[in-house]
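Survey of secondary and tertiary structure
Listed below are the residues making up each chain.
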Amino acid sequence: MKNYVLVGDIHSQYHQLTEALTFIKNNIENYHIVFLGDLFDSRIDYSNSLGVYETVRSLQESGLCTVLQSNHQDKHIRYLKGNNVFLNNGLDTTVRDFSNS
């Protein structure tokens, strides 16, 4: 039987994400993580959008998670496609995090 773990509202907080993943790996057998969205767009001083992206992408490529798209991911995708979006509500932080890589 698969144990589903629901995780939401990461908002580019890489350290908290890695702590949660360590807990899941050490305490839950046969797990599958479902990220409920809002992976990016931190509104606090610390963020690591690229670290969150790379971690979640690795889990997804390993078949250990499913990612549901949220308004934050949708807005970031529209920005990357060149659409005119306001860089507010943390998207400015996400763009900066990815640009600094």
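Reference entry: report on the structure contained in this document. (Residues numbered from 1 in each chain as written. Predicted model: local features only at pLDDT ≥ 70, side-chain atom pairs only at ≥ 80, totals over all residues. Heavy atoms only, no water.)

Here's the deal with the nonpolar core
How we decide: As used in this record, nonpolar core signifies buried Ala, Val, Leu, Ile, Met, Phe, Trp, Tyr and Cys residues forming a set joined through side-chain atoms within 4.5 Å. A 1.4 Å probe rolled over the protein chains alone gives each residue an accessible area, and that area as a share of the maximum for its type sets the label: buried under 20%, exposed over 50%, partly exposed in between. Secondary structure counts use DSSP, requiring at least four H or I residues in a row for a helix and at least two E residues in a row for a strand, with both numbered from the N terminus. A contact between two residues is defined here by any heavy atoms of the two lying within 4.5 Å.
In terms of nonpolar packing, the biggest core is built from 15 residues, with Ile33 and Phe35 touching the most fellow members. Listed by contribution, the elements that provide at least two residues to this core are strand S1 (3-7), helix H1 (14-27), strand S2 (31-35) and helix H2 (49-61). Setting aside residues no more than four positions away along its own chain, phenylalanine 35 makes contact with Val7, Ile10, Leu17, Val56, Leu59, Cys65, Thr66, Val67 and Leu68.

Some thoughts on the sheet that holds strand S3 (residues 65-67)
Convention followed: Only strands that DSSP links by at least two bridges are regarded as paired with each other. For helices, the fitted axis covers only the stretch in contact; all axes are lines through C-alpha atoms, and the angles between them, taken along N-to-C directions, range from 0 to 180 degrees.
Strand order in the open sheet made by the three strands is S1-S2-S3, with parallel pairing throughout. Unpaired on one side and paired on the other, S1 and S3 mark the two borders of the sheet. With direction set aside, neighbouring strand axes in the sheet form an average angle of 20 degrees. Pairing geometry for S2 and S3, over three bridges, is parallel. Considered in S3, the bridge of isoleucine 33 is made with cysteine 65. Sheet contacts for H1: S1 and S2; angle to S2, the most-contacted strand, approximately 155 degrees. Of the strands in this sheet, S2 and S3 touch H2, which is tilted by about 120 degrees from S3.

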